[in-house]
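Spelled out from the first residue to the last, the chains are:
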Amino acid sequence: MARRDNEAAARALVEAMVVGDDAHVAKKHGIALRTLQNYRTMLSKDPELARLFQQRSREALNATWVKELDDTLKATLTALRTHIDGLYDITPESVEAIVKAFKAASEVAIAREVLELADHQQDAGSATPSPQDAGGA
């Protein structure tokens, strides 16, 4: 019997969690639907698979979150710059609005750095995920 490729199993499980369609993911990865379901069951029995699944899950979620945050921050800063450039009469209200927008963007950047630090610390000691975390019913 061939040894399971835990890296491939973890990638398939993460994709199933994100996509929410086991049959589609199984077909894409060239495995039987039952194999994907067996991978999910093995999460609670195989520490290596559980660790890989948790790492890949975090990477997938962080990649999405970071991209969305970066896009939002860029759009916000572009709008802010456009607004500032369009100001001919600088009023106390417009200065206050600009300062508030800058403060909000700064707080988001700080929060992101704190979350990234926490994520790196979590990598050092990961808990075993439950099969439900892998999208199981």
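Going by the structure above, here's the rest.
All values derive from a computational prediction rather than experimental measurement.

**As for the overall build of the chain**
- Summing up its helical and strand segments, the chain has five helices and zero strands in all.
- What you see in the chain, going N to C, is helices and strands ordered as α-α-α-α-α.
- In the chain, which comprises 137 residues, the proportion classed as buried is 25%.
- In the chain, once contacts between residues fewer than 6 apart in sequence are set aside, the share between residues at least 24 apart is 66%.
- Of the roughly 9300 Å² of accessible surface on the chain, a fraction of 59% belongs to carbon and sulfur atoms.

**Some remarks on the side chain of Asp46**
- Positionally, Asp46 belongs in the loop between helix H3 (33-42) and helix H4 (47-85).
- Asp46 gets classed as buried once you look at its relative accessible area, which sits at 12%.
- Within the local environment of Asp46, its side chain forms a polar contact with the side chain of Arg4, the two groups lying 2.2 Å apart.
- Sequence-distant contacts of Asp46, that is, excluding residues within four places in its chain, are made with Arg4 and Asn6.

**Focus on H4**
- For H4, spanning 39 residues, the distance from its first C-alpha to its last is 56 Å, which sits close to the expected 57 Å at 1.5 Å a residue.
- Along H4, the positions that sit buried rather than exposed are Leu49, Ala50, Leu52, Phe53, Gln54, Arg56, Ser57, Arg58, Leu69, Leu73 and Leu80.
- With a side-chain oxygen lying 3.0 Å from the backbone nitrogen of Glu48, the N-terminal cap of H4 falls on Asp46.

**A word on the pattern of salt bridges**
- In total, this model carries eight salt bridges according to the counting rule given.
- Lys100 is the salt-bridge partner of Glu96, the closest N and O atoms lying 3.4 Å from each other. Of this pair, Glu96 and Lys100 both sit in helix H5 (residues 92-124), separated by four residues, roughly a single helical turn.
- Classification of Glu96 as partly exposed rests on a relative accessible area of 44%.
- Residue Lys100 is classed as exposed on the basis of its relative accessible area of 54%.
- Through salt bridges that share partners, Glu7, Arg11, Arg56 and Glu59 make up one connected network.

**Quick notes on the nonpolar core**
- Leu13, Leu36, Leu49 and Phe53 are the most contacted members of the largest nonpolar core, which has 13 residues in total.
- Elements with a minimum of two residues in this core: helix H1 (6-19), H3 and H4.
- The element that contributes the greatest number of residues to this core is H1, accounting for six residues.

**Some details on the packing of helix H2 (residues 22-29) against H3**
- Between H2 and H3, whose axes approach to 8 Å, the crossing angle comes to 105 degrees. In terms of orientation, H2 and H3 fall into the roughly perpendicular class. Side by side, H2 and H3 meet where Asp22, Ala23, Val25 and Ala26 of the first sit next to Leu33, Leu36 and Arg40 of the second.
- Grouping the amino acids of the contact of H2 with H3 by side-chain chemistry returns five nonpolar, no polar and two charged.

**Quick look at a nonpolar patch on the surface**
- Judged by side-chain polarity, Ile90, Val95 and Val99 come together as a nonpolar surface patch covering roughly 270 Å² of accessible area.
- Mapped onto the elements of the fold, Val95 is located in helix H5.
- Residue classification places Val95 among the partly exposed positions, given a relative accessible area of 40%.

Rules of the game
- Here the residue numbering is sequential within each chain, running from 1 through the sequence in written order.
- Local features in a predicted model are, by the rule used here, given only for residues with pLDDT of at least 70; side-chain atom pairs are given and counted only at 80 or more, and totals for whole chains, interfaces and linings are based on all residues.
- Only hydrogens and water are set aside; all other atoms, that is, all heavy atoms of the structure, feed into the side-chain values.
- For the purposes of this entry, the term helix denotes a DSSP run of H or I that reaches at least four residues, the term strand denotes a run of E that reaches at least two, and both are numbered from the N terminus.
- Exposure classes here rest on a 1.4 Å probe applied to the protein chains alone. A residue is buried below 20% of its type maximum, exposed above 50%, and partly exposed in between.
- Any two residues whose heavy atoms approach within 4.5 Å are treated as being in contact.
- Surface accessibility follows the Shrake-Rupley procedure with a 1.4 Å probe radius. Residue values consider only the protein chains on display as shielding.
- Any pair of N or O atoms that falls within 3.5 Å is considered a polar contact. Within protein, one atom must be able to donate a hydrogen and the other to accept it, and sequence-neighbouring residues count only if both atoms are side-chain atoms.
- A helix's residues, less one, multiplied by 1.5 Å, set its expected span.
- Put simply, a salt bridge is a Lys or Arg side-chain nitrogen that is within 4 Å of an Asp or Glu carboxyl oxygen.
- Take the buried Ala, Val, Leu, Ile, Met, Phe, Trp, Tyr and Cys residues and link them wherever side-chain atoms come within 4.5 Å; each set so joined is a nonpolar core.
- What counts as an axis is a line fitted to C-alpha atoms, over the stretch in contact for a helix, and the angles between N-to-C directions run from 0 to 180 degrees.
- Small angles under 35 degrees read as roughly parallel and large ones over 145 as roughly antiparallel, with 65 to 115 read as roughly perpendicular and the rest as oblique.
- The classification used treats Ala, Val, Leu, Ile, Met, Phe, Trp, Tyr, Cys and Pro as nonpolar, Asp, Glu, Lys and Arg as charged, and all other residues, Gly among them, as polar.
- A residue counts toward a patch only above 30% relative accessible area and without a salt bridge, and it is joined to like-charged neighbours within 9 Å or, for Val, Leu, Ile, Met, Phe, Trp and Tyr, to nonpolar neighbours within 5 Å.

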